[in-house]
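Read off the chains here:
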2 protein chains.
Amino acid sequence: MNIVLLGSGHVATQLGRSFKMAGQDILQVWSRDKENAEELASSLASESITDISEMVLSADLYIIAVKDDAIKDIITSLTLQDQLIVHTSGSTGLDILDGVSTRTGVFYPLQTFSKKKAVDFRQIPIAIEGNTPEVTEIIRSIADRLSEKVIVLHSMQRRTLHVAAVFACNFTNHLYALAQEILKGQDLDFDLLRPLIAETALKIQTNDPTSVQTGPASRHDNNTIKTHLELLQSNPDLQELYSKLSQSIVNLNKQL
Amino acid sequence: MNIVLLGSGHVATQLGRSFKMAGQDILQVWSRDKENAEELASSLASESITDISEMVLSADLYIIAVKDDAIKDIITSLTLQDQLIVHTSGSTGLDILDGVSTRTGVFYPLQTFSKKKAVDFRQIPIAIEGNTPEVTEIIRSIADRLSEKVIVLHSMQRRTLHVAAVFACNFTNHLYALAQEILKGQDLDFDLLRPLIAETALKIQTNDPTSVQTGPASRHDNNTIKTHLELLQSNPDLQELYSKLSQSIVNLNKQL
């Protein structure tokens, strides 16, 4: 299969590598940024382009893997016919590709990517969608080459999954960062928290998160909560987050 | 070494098991709850007591491992002389043990415990403190038998570590729970998020969290943020948390 990759960021890089390793050809890498395009293209043994009018029209698959905001810019300069084109965005509907081609779809790998760290795609869920049942099946057969966890989701489900992922990944990582900030105030090393963070994520691999919730809020330990809020008083933002998240734990407990 | 364990919850259970495996004797397990005391005592081949007046006074170490709120209740009924006594609370000062004995300390293992899941204590940081340098050294030698990561912290540092741990562990687990709630709304399985959660925690084992922050807020993708807030509009609490955490990501970015 011949692929054109539109984008050169984290997702484009990891997808490009994984398709390459799965034996597919990446014909071209497009990026507005010449250096980025060249860097990724050279690692994939493909051609780099910065002008979208130089894009070949003979590929089997066109993958748009750019920031959500930038998808619109790309498709206004794209004129395909029946070539299969997909975007990789969790929060963008399939309909953004209406009119770009007669065969459109979504290929959303649910993982946090960085350029450097290679990931094992076999375990990464890929949420797919096609504009017709046939297109869906073609995309499924492509996704099956990379991952054991391919799932067909319509745009609303995919958006929901993306919001949930923001909570479980982006916000979680930010809590790690806030914890590090808190430690810095007493010259304590973030290393102290790393085993705890690993165990917390490990626990929910085989449990429901609500069943393993611990901490002052879950045991209604209001004295400790008060002590903690006093300790955070030099930072009203942290104090507010502490209150809101503790309250949210109490509220969810009540619902269950 | 002979140990008396005051408490029968998650921390008492894991500490008791680990001391037992390290070859120490648990003489007695005390708990207000008879059944809990008996259950833990039998697994540690020790005696169970529910009346603190039956506590032996000949042990080398007394460990208070109960809810923070309950520490005060216990020590009002305790009359020791120079027996070594420690509590295991992150957010309670050493001074709560003033007057209970001439040798007091803190033994705070930084991990999230459950009764069922055994943990490898070797990698768990233990923050210790003693009321004199000699007591600190004795506690250090005891902690060294369980963990490779023993650190001496004064009460203020330990409290700070505990607050940071609430962010990195308790609040993080709650975000997993919220993500699961969000998925339920579209009949999506939490399994979809498990690889992402594992990778997010793995990434920061070798990176600073700020350097691997991803997501709409960190890339100032306001369209996606708006889409997500609309999607959460049926749940104002989730909407507010989404806003606050996104704003907090932006704020921390600015500081760095």
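What comes next concerns the included structure.

Cut-offs and rules
For every chain, the first residue of the written sequence is number 1, and numbering continues from 1 onward in sequence order. Chain letters and ligand numbers both follow the written order, the letters beginning at A and the numbers at 1. Selection of residues for local features in this predicted model requires a pLDDT of at least 70, selection of side-chain atom pairs for listing and counting requires 80 or more, and totals for whole chains, interfaces and linings are taken over all residues. Side-chain numbers here rest on the full set of heavy atoms in the structure, without hydrogens or water. The helix and strand labels rest on DSSP assignments: H or I over at least four residues marks a helix, E over at least two residues marks a strand, and numbering proceeds from the N terminus. Buried, partly exposed and exposed residues are distinguished by accessible area as a fraction of the type maximum, computed with a 1.4 Å probe on protein chains only: under 20%, between the cut-offs, and over 50%, respectively. Whenever two N or O atoms come within 3.5 Å, that pair is a polar contact, provided that in protein one can donate a hydrogen and the other can accept it, and provided that, for residues adjacent in sequence, both atoms are side-chain atoms. Contacts are assigned to residue pairs with any non-hydrogen atoms lying within 4.5 Å of each other. DSSP bridges decide pairing: two strands pair if at least two such bridges lie between them. Clockwise travel from the first strand over the helix to the second, with the strands pointing away from the viewer, marks a crossover as right-handed. Fitted lines through C-alpha atoms give the axes, limited to the stretch in contact for helices. The angle between two N-to-C directions lies from 0 to 180 degrees. A helix is expected to reach a length of 1.5 Å times the quantity of its residues less one. Two axes are fitted around each residue, one to the seven residues ending there and one to the seven starting there, and the angle between them is reported as the bend at that residue. Least-squares superposition of the copies uses the C-alpha atoms of those residues scoring a pLDDT of at least 70 in each of them.

### Here we look at the side chain of R158(B)
Residue and element names in this part refer to chain B.
Here is step 1: Considering the arrangement of structural elements, one finds R158 in helix α5 (residues 155-184).
Here is step 2: Judged by relative accessible area, R158 falls into the buried class, the value being 0%.
Here is step 3: Separated by 3.4 Å, the side chain of R158 and the backbone oxygen of S89 make a polar contact.
Here is step 4: At 2.6 Å, the side chain of R158 and the side chain of E129 are in polar contact.
Here is step 5: When near neighbours in sequence (up to four residues on either side) are disregarded, R158 contacts H87, S89, G90, T92, G93, L94, V106, Y108, A127, E129 and L153.

### A few points about the pairing of strand β7 (residues 126-130) of chain B
All names here are of chain B.
Here is step 1: Where burial is concerned, most of β7 is hidden: 5 out of the 5 residues are buried.
Here is step 2: As paired strands, strand β6 (residues 103-109) and β7 are joined by 5 bridges and run antiparallel to one another. Pairing of Y108 across the sheet is with A127, part of β7.
Here is step 3: Relative to strand β8 (residues 150-152), β7 runs parallel, the two sharing 3 bridges. Following the sheet pairing, I128 is matched in β8 by V152.
Here is step 4: The β-α-β motif built from β7, the intervening helix α4 (residues 133-144) and the parallel element β8 has right-handed crossover chirality.

### Some words on the sheet that holds strand β1 (residues 2-6) of chain A
Residues and elements named next belong to chain A.
Here is step 1: Across the sheet, which stays open at both edges, the 8 strands sit in the order β3-β2-β1-β4-β5-β6-β7-β8 with mixed pairing between neighbours. A single partner strand is all that each edge strand has here, and the edge strands are β3 (47-49) and β8 (150-152). Within this sheet the neighbouring strands show an average axis-to-axis angle of 25 degrees, counted without direction.
Here is step 2: Running at roughly 165 degrees to strand β2 (residues 25-30), helix α1 (residues 10-21) makes contact with β1, β2, β4 (61-64) and β6 (103-109) of the sheet.
Here is step 3: Packed onto the sheet, helix α4 (residues 133-144) meets β4, β5 (84-87), β6, β7 (126-130) and β8 and runs at close to 155 degrees relative to β7.

### As for unusual backbone geometry
Here is step 1: A positive phi angle is found at A45(A), which is not glycine, with a value near 55 degrees.
Here is step 2: With respect to the element layout, A45(A) can be found in the loop between α2 (34-43) and β3.
Here is step 3: For D187(B), which is not glycine, the phi torsion reads 55 degrees and is therefore positive.

### A look at helix α5 (residues 155-184) of chain A
Because each turn of an α-helix spans 3.6 residues, side chains separated by three or four positions end up pointing in the same direction.
Residues and elements named next belong to chain A.
Here is step 1: Across its 30 residues, α5 extends 42 Å between first and last C-alpha, which sits within 8% of the 44 Å expected from 1.5 Å per residue.
Here is step 2: The largest bend in α5 comes to about 35 degrees, at V166.
Here is step 3: For α5, a buried count of 26 out of 30 residues is recorded, marking the element as mostly surrounded by other parts of the structure.

### Observations regarding the relation of the copies chain B and chain A
Here is step 1: Its rotation angle being 180 degrees, the transformation that places chain B on chain A also includes 0.0 Å of axial translation and leaves an RMSD of 0.0 Å. Given the turn and translation reported, the copies of this chain are related as if by a two-fold rotation axis. Every residue of chain B has its C-alpha some distance from the rotation axis, and the shortest such distance is that of T172(B), at 2.7 Å.
Here is step 2: A shared binding surface is used by both copies, with 100% of the interface residues of chain B retained as interface residues in chain A.

### Concerning the environment of P125(A)
Here is step 1: Assignment of secondary structure puts P125(A) in the loop between β6 and β7.
Here is step 2: The buried category is assigned to P125(A), whose relative accessible area is 2%.
Here is step 3: Between the C-alpha atoms of P125(A) and L44(A), which are 81 residues apart in sequence, the distance is 23 Å.
Here is step 4: Those residues in contact with P125(A) that lie beyond four places of it in its chain are Y108(A), P109(A), L110(A), K149(A), L192(B) and P195(B).

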